[in-house]
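Listed here are the chains, written in short residue letters.
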Amino acid sequence: MTDAAPHLIVRNVSKRFGATTVLDRVDLTIRRGELVTLLGPSGCGKTTLLRAIAGLAQPDAGQVELAGREITRVPPHRRNVGVVFQNYALFPHLTVAGNVAFGLKVRGRPKAEIDAEVERALALVKLAHLAKRRISALSGGQQQRVALARAIAVGPDVLLFDEALSALDRKLREEMQVELRRLLQELRATAIFVTHDQDEALTMSDRVAVMNRGRIEQLAGPRELYSRPASLFALNFVGLSTRIAGTVVGSRDGKVQVDTKVGRLAAIGTFQTGSPVVVAARPEHLRPTATPDANAVSGRVRSVVFQGSRTLVDVDAGAGESLLAELSGRDAAMPRAGQDIRLAWPIAETFAFPAEPHP
Amino acid sequence: MTDVAISAPSPAASADRERLSAIGFALPSFLILACVFALPLALLLGVSVIGPDGLTLTHYRRLLGTPYYLGVIWNSLRLGLLTTLITFAVSYPASFALARARGAVRSILLATLFLPLAASVIVKAFAWTILLRSDGVVNQFLMAIGVIEDPIRMIFTETALVVGSVNIFLPFMILPIFAVVAQLDPRLPEAAATLGASPLVTFFRVIVPLTLPGIIAGVALVFSLSVSAYVVPTLLIGEKYPTLSTTIAKAYLLAREPGFGAAAGVVLLAIAILVVALSARLAREQA
């Protein structure tokens, strides 16, 4: 479904607001038909990057290319992009159909074509029956769909979503994520989502760019991002994890031995002896049964949180360190708070990251 | 509202109660308006059509049938239209500047707009006569910088009238427009741009329609104020530019013709209502 040729290229783009560097030499290449999420905390530069692609922010340095055209200095109205804004930014003085028709009207398309396109776009988002409604008479979810229909009606080269789902309540948001992904795949649209919601990023995208302090820390598929985070920041931002600080005492064959306050642990990674590191593992790998080639740590169960299909067990390992295990309902005896427990996890699923000054 | 919903579960009953309380809230202002506005208005209408021999349209015939009084009506209309037009042209961009200004700058700009409202119209009109007279500040300045050699006549011209009128009624245009412009979502022009609208197209298809309610309110206010202005034309242009307002005053105070004065008042009112109603209709079509 995706062509190999690059469709959108962001090359070495930087942007400063006063003394703050919002984008720091960002590179990003997206293929036609690809769905990519820019994920990161507020202030990481993801919205500015999206605005630079839309033409609403002018980069201080670097280039943007879209569909084979250099557009760095092209004003937004000549870019052929579709943007779905956070609060939708629908025109309150126009009807639903009027909003969807706006982009076609300003392009001077013939009326019959506009009507057909509006009908098609509204049918795609299942709002054909509300075409004559005023915007103020719509629910948040319906407004979201109008914003989407308005953006796709013009046949943009790329669709940009700026926290587009964040105003919806949780259940509706989750439904929209799945529906939107299917719709965009049907349309073979190239899309970029900006979000701080990791679930949204994992659900919606072919690839996720984790952004931190104006840089892309990791660009990978959701699965790889989760199971092989490239940095401590990426690990923290996506999914839960156990993290234990320590010092490297030995390194061999891509594995390190790390001394921590809860004992010696082994992890994947290459570090010089003496380096301060953080050893981490995803909660689903921690098991109350010992296995060979495993790290094991003892502690006392602090809390057990039932979440339906899974149960999260928080274990106090002493010396200020904790373990987080995710057990499924099939795991035999569920531990109880206050109970002593020994948790083990495979070395192959243990990462080591350079210790960073920030959490 | 909450109380109503809790005590009256039936939606029809609560709607009734809401309507009742709405009437209750409106009652005091309704009574005051009825006494000080509707009643005198009815009297005015009555006086304008009642002559010594019963009902008569003499006064209206005189007003609408003599070239002199048609000229008077035209003067009033002209003053109202010129003032409204120029005030709007100045106020629309000013409202955007005001909405964009932040902190101290906005406070200072708003203060310069509001403070003159505290001064009486007479004081402001007199101030203009002092500025514009032959040995006034404006003439002295123009002579000092060598633009003119002899003082030019400014006071008692239509220019002086319109300049003063625009100055005095400016806040009534800026404030309603500013109120709407300040509410404008900055994402809307951005959305329009990403949809392919140039700045000019965005202005006419998004910004103007969305600020229209403020424009209409400002136009209605300034027109009805300037078309019926009395102090401003009296002080800034005087006898040679008779308006409906000055005609009414003369009819009551000098000529002792209350019937004719009343008829002129009704015509003035009709013009003002016509413009306001037209504006309201435009607004409804847009809303």
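All of these numbers come straight from a predicted model, not from anything done at the bench.

**Q** Explain the overall build of chain A to me, please; I cannot follow it from the model alone.
**A** What chain A contains, in helices and strands, is eight helices and 19 strands. Taken along the three principal axes of its C-alpha coordinates, chain A extends 75 × 45 × 40 Å. When burial is assessed residue by residue, chain A has 41% of its 359 residues classed as buried. At a minimum sequence separation of 6, the contacts of chain A that also span at least 24 residues come to 65%.

**Q** Teacher, can you tell me more about the overall build of chain B here?
**A** Across its full length, chain B holds 13 helices and two strands. Relative to the 2.2 N^0.38 estimate, which gives 19 Å for 287 residues, the radius of gyration of chain B is 24 Å and therefore markedly larger than a compact globule would have. Projected onto the principal axes, the alpha-carbon positions of chain B cover approximately 70 × 65 × 35 Å. Counting all 287 residues of chain B, 31% fall into the buried class.

**Q** How should the domain arrangement of chain B be read in this particular structure?
**A** All names here are of chain B. Split into domains, chain B comes out as domain 1 (1–56) and domain 2 (58–286). For domain 1 versus domain 2, the distance between C-alpha centres works out to 31 Å. Contact with domain 1, which involves six residues of that partner, is made by eight residues of domain 2. Considering every element that reaches the side of domain 1 that touches domain 2, the biggest residue donor is helix H2 (residues 11–49), with four residues. Residues of the side of domain 1 that touches domain 2, tallied by class, amount to three nonpolar, three polar and no charged.

**Q** What is the right way to look at the sheet that holds strand S3 (residues 35–39) of chain A in this model?
**A** Note: strands within a sheet are paired through backbone hydrogen bonds, in either parallel or antiparallel orientation. All names here are of chain A. Taken in spatial order, the six strands make up an open sheet running S6-S7-S8-S3-S9-S10, and their pairing is mixed. At either end of the open sheet lies a strand with only one pairing partner, and these are strand S6 (81–84) and strand S10 (215–220). With strand direction ignored, the average angle separating the axes of adjacent strands in the sheet is 20 degrees. The sheet contacts of helix H4 (residues 140–153) involve S6 and strand S7 (158–162), and relative to S6 the element is tilted by about 175 degrees.

**Q** For this particular structure, what's the right way to read helix H2 (residues 96–106) of chain A?
**A** In an α-helix, one full turn covers 3.6 residues, which means residues spaced three or four apart are oriented alike. Most of H2(A) is tucked away, with eight of its eleven residues classed as buried. Along H2(A), the residues that are buried comprise A:Val96, A:Ala97, A:Asn99, A:Val100, A:Ala101, A:Phe102, A:Gly103 and A:Leu104.

**Q** Any chance you could explain the pairing of strand S12 (residues 255–260) of chain A here in plain terms?
**A** The two faces of a sheet get side chains in turn, since along a regular strand they alternate between them. All names here are of chain A. Bridge count for strand S11 (residues 242–252) against S12 is six bridges, and the pairing is antiparallel. Its bridge partner being in S12, Arg 252 is matched across the sheet by Lys 255. Adjacent in sequence and paired antiparallel, S11 and S12 are bridged by two residues, among which Asp 253 carries a positive phi angle near 55 degrees. In this sheet, strand S13 (residues 263–268) lies alongside S12 in antiparallel orientation, the contact comprising six bridges. Within S13, the residue paired with Val 256 across the bridge is Ala 267.

**Q** Please clarify how the domain arrangement of chain A should be interpreted in this entry.
**A** Often the size quoted for an interface is simply the accessible area lost on bringing the parts together. In terms of domain boundaries, chain A breaks down into domain 1 (6–232) and domain 2 (240–354). Averaged C-alpha coordinates put domain 1 of chain A and domain 2 of chain A at centres separated by 38 Å.

**Q** Whenever I open this one, the sheet that holds strand S17 (residues 321–328) of chain A confuses me. Can you help?
**A** Residue and element names in this part refer to chain A. Judged by pairing direction, the sheet is antiparallel, and its four strands sit side by side in the order S17-S16-S15-S18 without closing on themselves. Taken across any chain shown, the strands that pair with only one partner, and hence form the sheet edges, are S17 and strand S18 (340–346). Averaged over all pairs of adjacent strands, the angle between their axes in this sheet comes to 45 degrees, without regard to strand direction. The pairing of strand S15 (residues 294–306) with S18 spans seven bridges and is antiparallel. Note that in S18 the partner of Arg 300 across the bridge is Asp 340.

**Q** How do you make sense of helix H6 (residues 121–132) of chain B when you look at a structure like this?
**A** With twelve residues, H6(B) extends 16 Å from end C-alpha to end C-alpha; this agrees with the ideal 16 Å at 1.5 Å per step. Check the buried side of H6(B) and you find it contacts helix H7 (137–144), helix H8 (158–183) and helix H11 (231–236) of chain B.

**Q** Sorry, what's going on with the environment of A:Val106 here?
**A** Tracing the chain through its elements places A:Val106 in helix H2. Through-space distance from the C-alpha of A:Val106 to that of A:His77 is 9.8 Å; in sequence the pair is 29 residues apart. Setting aside residues no more than four positions away along its own chain, A:Val106 makes contact with B:Leu195, B:Gly196, B:Ala197 and B:Val201.

**Q** Mind showing me how you'd approach the interface of chain B and chain A here?
**A** Listed as interface residues are 16 residues of chain B and, on the opposing side, 17 residues of chain A. Elements that contribute at least two residues to the side of chain B that touches chain A include exactly helix H9 (187–194) and helix H10 (199–227) of chain B.

**Q** What am I meant to see in unusual backbone geometry here?
**A** Glycine aside, a negative phi is what most residues show, and trans is what most peptide bonds show. Residues and elements named next belong to chain A. In this structure, Ala 89 takes a positive phi of about 50 degrees despite not being glycine. With respect to the secondary-structure elements, Ala 89 resides in the loop between S6 and H2. Using a count of 23 C-beta atoms within 10 Å as the deciding quantity, one classes Ala 89 as buried. The backbone of Ala 319 sits at a positive phi, close to 60 degrees, despite the residue not being glycine. Turning to its location among the elements, Ala 319 is positioned in the loop between strand S16 (310–318) and S17. For Ala 319, a count of 11 C-beta atoms within 10 Å translates into the label exposed.

**Q** Explain the confidence of the model for chain B here, please?
**A** Low pLDDT means the predicted atomic positions in that stretch should not be read closely. The share of residues in chain B with pLDDT of 70 or more is 95%, and the mean pLDDT across the chain is 89. Every residue in residues 1–8 of chain B scores below 50 in pLDDT, and together they form seven contacts with partners more than four places removed in sequence or on other chains.

**Q** Could you clarify how one ought to interpret the nonpolar core in this entry?
**A** As a rule of thumb, soluble globular proteins bury nonpolar side chains together. Residues A:Ile53, A:Val100, A:Ala149, A:Leu160, A:Ile192 and A:Val210 are the most contacted members of the largest nonpolar core, which totals 110 residues. Counting residues per element, this core draws most heavily on H4(A), at seven residues. Here A:Val210 is in contact with A:Leu39, A:Gly40, A:Ile216, A:Glu217, A:Gln218, A:Leu225, A:Ala234, A:Phe237 and A:Val238, once residues within four sequence places are set aside. B:Val181, B:Ile216, B:Val227 and B:Tyr241 belong to the second-largest nonpolar core, a separate cluster that totals 38 residues.

**Q** Is there a simple way to explain the packing of helix H4 (residues 67–100) of chain B against H10(B) in this structure?
**A** All names here are of chain B. Taken N-terminus to C-terminus, the directions of H4 and H10 make an angle of 145 degrees; their axes are 8 Å apart at the nearest point. Viewed along their axes, H4 and H10 form a crossing whose handedness is right-handed. Together, Ser 76, Leu 77, Leu 79, Gly 80, Thr 83, Thr 84, Thr 87, Phe 88 and Ser 91 of H4 and Gly 218, Val 219, Val 222, Phe 223, Ser 226 and Val 227 of H10 make up the contact between the two elements. Grouping the amino acids of the contact of H4 with H10 by side-chain chemistry returns seven nonpolar, eight polar and no charged.

**Q** Please explain the packing of H8(B) against H10(B) as it appears in this structure.
**A** If you want to describe how two helices pack, look at the angle between their axes and the distance between the axes. Residue and element names in this part refer to chain B. Here H8 crosses H10 at 160 degrees, and the two axes come no closer than 8 Å. One way to sum up the angle between H8 and H10 is to call them roughly antiparallel. Regarding H8 and H10, the two cross each other, and that crossing is right-handed. Contact residues: H8 offers Ser 165, Phe 169, Phe 172, Met 173, Pro 176, Ile 177, Ala 179, Val 180 and Val 181, while H10 offers Thr 211, Pro 213, Gly 214, Ile 215, Ala 217, Gly 218, Leu 221, Val 222, Leu 225 and Ser 226. When its residues are assigned to classes, the contact of H8 with H10 shows 14 nonpolar, five polar and no charged.

Parameters and conventions
- Residues numbered from 1 in each chain as written.
- Chains lettered and ligands numbered in written order.
- Predicted model: local features only at pLDDT ≥ 70, side-chain atom pairs only at ≥ 80, totals over all residues.
- Helix = DSSP H or I, 4+ residues; strand = E, 2+ residues; numbered from the N terminus.
- Buried ≥ 20, exposed ≤ 12 C-beta atoms within 10 Å, placed from the backbone.
- Contact = placed C-beta atoms within 7 Å.
- Rg over C-alpha atoms; globule rule 2.2 N^0.38 Å.
- Domains from an automatic or database assignment.
- Nonpolar A, V, L, I, M, F, W, Y, C, P; charged D, E, K, R; others polar.
- Pairing = 2+ DSSP bridges.
- Axes fitted to C-alpha atoms, helices over the stretch in contact; angles between N-to-C directions.
- Expected span 1.5 Å × (residues − 1).
- pLDDT = per-residue confidence, 0-100.
- Core = buried A, V, L, I, M, F, W, Y, C linked by C-beta atoms within 7 Å.
- Left-handed = near helix turned anticlockwise from the far one by under 90°.
- Parallel < 35°, antiparallel > 145°, perpendicular 65-115°, else oblique.

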